[in-house]
Amino acid sequence: MTSLRLTAYAAVLAVLASCDRVPEPWSVEEVAIIESLSLRMLPPLPPDPTNAVAGDPEAAAFGKQLFFDPRFSANGAVSCATCHQPERRFTDGLPKGVAIGISKRNTPSIVGTAYSPWLYWDGRRDSQWSQALSPLEDPNEHGSDRETIVGIVLGDDSYRSQYEALFGEPGNVDSTFANIGKVIAAFERTIMPTASRFDDYVDAVTAGDERRQAELFTGDEVHGLRLFIGEANCTQCHNGPLLSDFEHHAVCVPQVGPGKVEANEDRGLALETLDVADNYKFRTPALRNVALTGPWMHDGAFTTLEAAVRHHLDPLSSLTGFDVNQLPAPFNTMVDDDPVRNAARVAALSPDHPMSVGLSESEFADLMAFLHALTDPASLNLLGNTPDSVPSGLPVKD
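What counts and what doesn't
Residues numbered from 1 in each chain as written. Predicted model: local features only at pLDDT ≥ 70, side-chain atom pairs only at ≥ 80, totals over all residues. Heavy atoms only, no water. Helix = DSSP H or I, 4+ residues; strand = E, 2+ residues; numbered from the N terminus. Contact = heavy atoms within 4.5 Å. Areas by Shrake-Rupley, 256 points an atom, 1.4 Å probe, with all protein chains shown as cover. Axes fitted to C-alpha atoms, helices over the stretch in contact; angles between N-to-C directions. Parallel < 35°, antiparallel > 145°, perpendicular 65-115°, else oblique. Expected span 1.5 Å × (residues − 1). Buried < 20%, exposed > 50% of the residue type's maximum accessible area, 1.4 Å probe, protein only. Polar contact = N/O pair within 3.5 Å; in protein donor to acceptor, adjacent residues only side chain to side chain. Phe/Tyr/Trp six-rings, centres within 6.5 Å; stacked < 30°, edge-to-face > 60°. Lys NZ or Arg CZ within 6 Å of the ring centre and 35° of its normal. Salt bridge = Lys/Arg side-chain N within 4 Å of Asp/Glu carboxyl O. Left-handed = near helix turned anticlockwise from the far one by under 90°. Nonpolar A, V, L, I, M, F, W, Y, C, P; charged D, E, K, R; others polar. Patch = residues over 30% accessible without salt bridge, like charges linked within 9 Å, V, L, I, M, F, W, Y side chains within 5 Å.

Trainee: Could you give an account of the overall build of the protein, with specific residues and numbers?
Mentor: In terms of helices and strands, the protein carries 16 helices and 2 strands. Along the first, second and third principal axes, the C-alpha atoms of the protein reach 95 × 50 × 35 Å. Residue pairs at least 24 apart in sequence account for 71% of intrachain contacts in the protein once pairs closer than 6 positions are excluded. By element, 56% of the accessible surface of the protein is carried by carbon and sulfur atoms, the whole surface being about 18,100 Å².

Written out as structure tokens, the structure is:
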């Protein structure tokens, strides 16, 4: 009889354990942190003092055509949208971009980048328009040059008329080339994130609407959010409405493929500042739609979000136990396993990044559940940003 009672008791406990947990109330301090992460807290986009046409709808329309026109590449087959694909949230789903050649780094999303003070993983550009120009002359990307680009724009009746309506008579090659970047930037400024289920949950929290909170978030997701702002220390770097501080941090990432300058090495920000204290530092990516924008890290080292998050929680174990088999060919043969360089990556770990965060598997699953709640429904189909055609007549997408 006692055995039956114990069995029944165990069954009840199992049922209770399987039920969704009842979240603890948020403290005043936690509510303030959570509210600071809401997209509703994103301020109006400030004007770009270096780009007079940044907010001009006609410039944005012109820039959209240039963004999708493959005529500006050396082989006539590569456009900005080759790597920044609307259907992939303006990423490409590859460890490193593939255009004329293979890029040195992973393709980041351009959604919301108008708010970032620094562009590129190493922060080497401080405006969208200057960043937009660099790939055009990169031999691994468009593989073209400014004289050719300017010649195409001014030699096309449609493009030239749009250019002159915005800027007047073309000047020298450099100024015209800069203006081409400025209209592309005007288009990119229109690509913004929209509200996710998380943002709706924040509204319910700030309104004190517990019923609505329960409708929007499971107990697991609430606990994951609690870990995100607390024990997991994620908001140390992933803060603000776009979930990025837009600064640069070294997080001990395995190196896949050649770096920006050296084989099997990428020193990140240090290549720009020439300061060894900046070795292996890369810009903090925004986390909105993070579940849809892999592979992750500056070199696409992790092909699953789970692996990328585990790396942040225990970077040393992740680096030393890195699984090359999770990478597609040819990237799985391009991983640097040199012990001296890996020791340097460990030594450079940013002091604000913990060496290890001891989450249980259940806690890890909750954290992952929260990260998936950052996906906004509109991001599932951004093809509305694609023009029907471009003046060249070339296809705008595969």
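Continuing now.
Trainee: Run through the packing of helix α3 (residues 57-68) against helix α8 (residues 173-188), naming residues and quoting values.
Mentor: The geometry of α3 relative to α8 is characterised by a closest axis approach of 7 Å and an angle of 100 degrees between their N-to-C directions. As judged from the angle between their axes, α3 and α8 are roughly perpendicular. Note on element contacts: α8 touches α3 through I180, V183, I184, A186, F187 and E188, opposite A59, A60, F62, G63, K64, L66, F67 and F68.

Trainee: Run through α8, naming residues and quoting values.
Mentor: For α8, with 16 residues, the first-to-last C-alpha span of 23 Å sits near the 22 Å given by 1.5 Å per residue. Within α8, 13 of the 16 residues are buried, which leaves it mostly tucked inside the rest of the structure. Where α8 starts, the residue carrying a side-chain oxygen 3.2 Å from the main-chain nitrogen of D174 turns out to be N172.

Trainee: A description of the packing of aromatic side chains should follow, citing residues and the corresponding values.
Mentor: Summed over the entire model, instances satisfying the criterion amount to 12 aromatic pairs. The interplanar angle of 40 degrees and the centroid separation of 5.7 Å between the aromatic rings of F62 and Y159 together place this pair among those described as tilted. One end of the pair, F62, is in helix α3; the other, Y159, is in helix α7 (residues 157-167), with 97 residues separating them in the sequence. A relative accessible area of 1% places F62 in the buried class. Within the aromatic cluster, the residues linked to one another by ring pairs are F198, Y201, F217, F228 and F370. For R124, the ring lying beneath its charged end belongs to Y120, and the centroid distance is 3.6 Å. The side chain of R310 reaches across the aromatic face of F364, ending 3.8 Å from its centre.

Trainee: Provide a residue-level description of the pattern of salt bridges, including the pertinent values.
Mentor: Oppositely charged side chains may form a pair once their charged atoms are brought near each other. Following the criterion strictly, the structure yields 22 salt bridges and no others. For E221, the salt bridge goes to R197, with nearest N and O atoms at 2.9 Å. A residue pair is termed long-range when its members are at least 10 positions apart, and E221 in helix α11 (residues 219-229) and R197 in helix α9 (residues 197-207) qualify at 24 residues. Residue classification places R197 among the partly exposed residues on the basis of a relative accessible area of 31%. Measuring nitrogen to oxygen at the nearest pair gives 3.4 Å for the salt bridge that ties D278 to K281. D278 sits in the buried class, given a relative accessible area of 12%.

Trainee: A description of helix α5 (residues 128-137) should follow, citing residues and the corresponding values.
Mentor: Counted residue by residue, α5 has 9 buried out of 10 residues, so it is predominantly covered. Listing the buried residues of α5 in full gives Q128, W129, S130, Q131, A132, L133, S134, P135 and L136. Contacts made by the buried residues of α5 are with α6 (146-155) and α8.

Trainee: Give a detailed account of the packing of α3 against α7, specifying residues and quantitative values.
Mentor: Between α3 and α7, whose axes approach to 10 Å, the crossing angle comes to 145 degrees. The two elements α3 and α7 cross, and the hand of that crossing is left-handed. Contact residues: E58, A59, F62, Q65 and L66 in α3; Y159, Q162, Y163 and L166 in α7. A class-by-class count of the residues in the contact of α3 with α7 yields 6 nonpolar, 2 polar and 1 charged.

Trainee: Before we move on, could you go through a nonpolar patch on the surface and cite the residues and values that matter?
Mentor: Together, L94, V98 and I102 give the surface a local cluster of nonpolar side chains, amounting to about 200 Å² of exposed area. In this structure, L94 sits in the loop between α4 (80-83) and α5. Take L94: its relative accessible area is 31%, and that puts it in the partly exposed class.

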